[in-house]
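Residue-level listing of the chains:
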Amino acid sequence: MKPALHTVTSAPALPAYVASGNECALFEHAWRNQLPVLLKGPTGCGKTRFVAHMAARLGLPLHTVACHDDLTAADLTGRYLLQGGDTVWTDGPLTRAVREGGICYLDEVVEARKDVTVVLHPLTDDRRILPLERTGEELAAPKSFMLVVSYNPGYQTLLKALKPSTRQRFVAIEFGFLPAEQEIAVVSAESGLPLDRVRPLVVLAGRLRALKGHDLEEGVSTRLVVYCATLIAAGTPVADAILAGMIEPLTDDADVKAALLDVARAVIG
Ligand SMILES: Nc1ncnc2c1ncn2[C@@H]1O[C@H](COP(=O)(O)OP(=O)(O)OP(=O)(O)O)[C@@H](O)[C@H]1O
Ligand SMILES: [Mg+2]
C-alpha cells in the first residue's frame, strides 16, 4: 500500500499569496462559522499556496494529505501499529487535525477511495464528529478545526466525480489564473526575475492557455511560468528556459510542440 503523503506545518512564516478576489475573506468566514471548504481549479494556480497562507494567517496547524487511488479511510483516521511488541494506536492526519483543532487539507480528494467519504460525511455536516471505529472513540471537532479539500475539475472523469451528497457539504471556491499584472508580480517575486523580463513570459502563458481544449489538455500553470522565470534568473537562455519550463511539460506530441514553439517565437521573438 502506498503511504499517505502527509506533511504537517505548524506556526509557519506567512507564505506569500496574491489574492485574485474575495477568497481570503470567504475562507476566513467559513472557518469562523465551522464550514468546510472545497477549492477547485486547474493545476498550479495557487490552491495549495492559498491554504498554506490562510493556515498561517489564522495561526492554525496544517495537515496536508496528497490523496491517491489507494488512500483509505484508515490512512486518514489512523491504525494500530506494532511498536516493540505492542500494538499502539497511531492517529492519522485527519484525526490529528481534529484533536489539535487545525486544518486538514485533502489535495485531489476525488482520487481517494470511496470509504473515505464515510469519515468525511459526519465531519462535514452539523454533527462535526469523527467516529473512530477501531478505538470506539467519537471525537467532536473543536470550533477551530476545518476541513479543506481540493480537486481539478479538468481531470475529473464521471467515474471519479464527487457525489452530490459529498460536494454539497462544502462551501466551494473556484480558482483560475491571476490577471496578467498580478501574475507578473507573483512570478517576479517567486523567481527573482525583474518584472519587465517576466512580462513577456506571462503574455506567452496567456497565449498558450488560449490553446487549451484545441491542442492542450491543460493550460500552462503559474507554477510552470515560475519555473521558466527561475531558469532564466539562473542564467538559462530564454529560448531554452521556455522550451524546458513551459513547452515540454505541456505535451509529448511533436506537432503540438511545434505549434507551441511557433507561438513562443511570435511572442518572444
Ligand atoms: N496567487 C498566488 N500567490 C502567490 N503565488 C502563487 C499564486 N498562484 C500561484 N502561485 C505560485 O504558483 C505555484 C504553484 O501553486 P500551487 O502549488 O498552490 O498550485 P495548486 O493550485 O495547488 O496546483 P495543483 O492542483 O497542481 O496542486 C506556487 O508555488 C507559487 O509559486
Ligand atoms: Mg496543490
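## Remarks on the packing of aromatic side chains
Consideration 1: Per the counting criterion, the structure on display carries four aromatic pairs.
Consideration 2: Ring plane angle 85° and centroid distance 5.3 Å describe the contact between F27 and F50, whose orientation is recorded as edge-to-face. One end of the pair, F27, is in helix α1 (residues 23–32); the other, F50, is in helix α2 (residues 47–58), and 23 residues separate them in sequence.
Consideration 3: Overall, F27 belongs to the buried group, its relative accessible area being 0%.
Consideration 4: Both rings, one in Y80 and one in W89, keep their centres 5.2 Å apart while their planes meet at 70°; by these two values the pair is edge-to-face.

## As for the site of ligand 1
Consideration 1: Around ligand 1 lies a shell of 17 residues, among which T43, G44, K47, T48 and E190 are the nearest.
Consideration 2: Side-chain polar atom of T43 to an oxygen atom of ligand 1: 2.5 Å apart, as the coordinates give it.
Consideration 3: Between G44 and ligand 1, the recorded distance is 2.7 Å, taken from a backbone N or O atom to an oxygen atom.
Consideration 4: When the free accessible area of ligand 1 is taken as 640 Å², the share hidden by the protein chains comes to 88%.
Consideration 5: Elements supplying a minimum of two residues to the shell around ligand 1: α2, α7 (180–191) and α9 (222–233).
Consideration 6: Residue classes in the shell around ligand 1 are distributed as seven nonpolar, five polar and five charged.
Consideration 7: Looking at which domains feed residues into the shell around ligand 1, each of domain 1 (5–174) and domain 2 (180–268) supplies at least three.

## Regarding the side chain of T166
Consideration 1: Summarising the element assignment, T166 is placed in helix α6 (residues 164–167).
Consideration 2: Using a relative accessible area of 4% as the deciding quantity, one classes T166 as buried.

## Some details on helix α5 (residues 116–123)
An α-helical turn contains 3.6 residues, so any two residues separated by three or four positions project in the same direction.
Consideration 1: For α5, the buried fraction is high: seven of the eight residues fall into the buried class.
Consideration 2: For α5, every residue scored as buried is listed here: V116, T117, V119, L120, H121, P122 and L123.
Consideration 3: Contact partners of the buried residues in α5: α3 (73–77), α4 (93–100), β6 (103–107), β7 (129–132), β9 (146–151) and α6.

## As for the pairing of strand β5 (residues 86–91)
Consideration 1: Looking at chain direction, strand β4 (residues 78–83) and β5 are connected through six bridges and run antiparallel. If you follow Y80 over to β5, its bridge partner there is W89.
Consideration 2: Between β4 and β5, which pair antiparallel and follow one another directly, the connecting turn spans two residues, one of which, G84, has a positive phi of 55°.

## Section: the nonpolar core
Consideration 1: Counting residues in hydrophobic clusters, the biggest one holds 29 residues, and the most contacted among them are L94, L106, L120, L130, F145 and L147.
Consideration 2: No other element matches α5, which puts four residues into this core.
Consideration 3: Excluding its chain neighbours within four sequence positions, the residues that come into contact with L94 are L76, C104, V119, L120, L123, L130, F145 and L147.
Consideration 4: In this structure, V202, A205, L216 and L250 belong to the second largest nonpolar core, which totals 25 residues.

## Quick look at the environment of F177
Consideration 1: For F177, the location among the structural elements is in the loop between β10 (171–174) and α7.
Consideration 2: Along the sequence, F177 and G21 sit 156 residues apart, while their C-alpha atoms lie 11 Å from each other.
Consideration 3: Excluding residues that lie within four positions of it along the chain, F177 makes contacts with P42, T43, G44, C45, R209, V220, S221 and T222.

## Considerations on a negative patch on the surface
Consideration 1: Together, D215, D252, D253 and D255 give the surface a local cluster of negative charge.
Consideration 2: With respect to the helices and strands, D215 occurs in the loop between α8 (195–209) and α9.

How each quantity is defined
Residues numbered from 1 in each chain as written. Chains lettered and ligands numbered in written order. Predicted model: local features only at pLDDT ≥ 70, side-chain atom pairs only at ≥ 80, totals over all residues. Heavy atoms only, no water. Phe/Tyr/Trp six-rings, centres within 6.5 Å; stacked < 30°, edge-to-face > 60°. Helix = DSSP H or I, 4+ residues; strand = E, 2+ residues; numbered from the N terminus. Buried < 20%, exposed > 50% of the residue type's maximum accessible area, 1.4 Å probe, protein only. Near = heavy atom within 4 Å. Polar contact = N/O pair within 3.5 Å; in protein donor to acceptor, adjacent residues only side chain to side chain. Areas by Shrake-Rupley, 256 points an atom, 1.4 Å probe, with all protein chains shown as cover. Nonpolar A, V, L, I, M, F, W, Y, C, P; charged D, E, K, R; others polar. Domains from an automatic or database assignment. Contact = heavy atoms within 4.5 Å. Pairing = 2+ DSSP bridges. Core = buried A, V, L, I, M, F, W, Y, C linked by side-chain atoms within 4.5 Å. Patch = residues over 30% accessible without salt bridge, like charges linked within 9 Å, V, L, I, M, F, W, Y side chains within 5 Å. Salt bridge = Lys/Arg side-chain N within 4 Å of Asp/Glu carboxyl O. Lys, Arg positive; Asp, Glu negative; His and termini not counted. Charge placed at Lys NZ, Arg CZ, Asp CG, Glu CD.

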